[in-house]
Amino acid sequence: MGISKIIAIEPYIEMTYTPKDIIGTSMECSIHGAILKSDGLPKFCLICGAKLKEIEIKKIQPMNYYALLREVDPNGIYEDSFLWVCKDEKPLIVISGEIGGTDTDRGIYEITPEIIATALRKFREHHKDLIALLRENTNTFAIKFGALTYYN
Ligand SMILES: [Zn+2]
């Protein structure tokens, strides 16, 4: 078993979404500012011993489709249906590993407009429910056809 480079020519989804901010807590000393401690939140300032005030902190999350999937599909219904191919941070792409048209034998395959249309139609049908779910939860959403490269 090694790592292979895969080139897939098939329908895929390109989409962007707004990640939810994570709200966390920090403790702050009126003199020394925020006290950061890795193991739990201290109640008193480590420097002067003053009582600390609890403050809310917002962490902005990067666009991450594993996080989106956990959010929209908490029961993991679609977990194995799709493969996420991330290109830097954006735009991120989702492809299906299930449609496939040709086997892996050597050969030349012409990609005609009919083949593309059929693949797109099958893709929309096969992933109808997930497509609807993702459309609801994304800002931009487009089903496209193209060549995707990734490692597995
Ligand atoms: Zn202090």
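Preceding block: the structure.
Residues numbered from 1 in each chain as written. Predicted model: local features only at pLDDT ≥ 70, side-chain atom pairs only at ≥ 80, totals over all residues.

K.L.:
Run through the overall build of the protein chain, naming residues and quoting values.
P.N.:
Each helix and strand counted, the protein chain has three helices and seven strands in total. Of the regular secondary structure in the protein chain, the N- to C-terminal order runs β-β-β-β-α-β-β-α-α-β. The proportion of buried residues among the 152 residues of the protein chain is 11%. Sequence-distant contacts in the protein chain: of pairs separated by 6 or more residues, those separated by 24 or more amount to 65%. (Helix = DSSP H or I, 4+ residues; strand = E, 2+ residues; numbered from the N terminus. Buried ≥ 20, exposed ≤ 12 C-beta atoms within 10 Å, placed from the backbone. Contact = placed C-beta atoms within 7 Å.)

K.L.:
Any details on the pairing of strand β4 (residues 53–59)? Residues and values, ideally.
P.N.:
Within β4, only zero of the seven residues are buried, which leaves the element largely exposed. Sheet topology note: the strand β2 (residues 22–29)/β4 ladder contains seven bridges and is antiparallel. Looking at β4, one finds that Ser26 is bridged to Ile55. (Pairing = 2+ DSSP bridges.)

K.L.:
Lay out the sheet that holds strand β3 (residues 33–35) with the relevant residues and their values.
P.N.:
Taken in spatial order, the three strands of this open sheet run β3-β2-β4, and their pairing is antiparallel. Every other strand in the sheet has two partners, leaving β3 and β4 as the edge strands with one partner each. Taken pair by pair, the neighbouring strands of this sheet meet at an average axis angle of 50°, ignoring direction. (Axes fitted to C-alpha atoms, helices over the stretch in contact; angles between N-to-C directions.)

K.L.:
Hey, could you go over the environment of His32 for me, with residue numbers and the actual values?
P.N.:
Examined against the element boundaries, His32 turns out to sit in the loop between β2 and β3. Classification of His32 by C-beta neighbours within 10 Å gives partly exposed; the count is 13. When the C-alpha positions of His32 and Cys45 are compared, they lie 7.8 Å apart, and in sequence the two are 13 residues distant. For His32, the contacting residues outside a window of four places in its chain are Cys45, Ile47 and Cys48.

K.L.:
Quick rundown of the environment of Gly49? Include the residues and the values.
P.N.:
By the secondary structure assignment, Gly49 is in the loop between β3 and β4. In the structure, Gly49 is positioned 20 residues away from Cys29 in sequence and 8.9 Å away in space, judged by C-alpha atoms.

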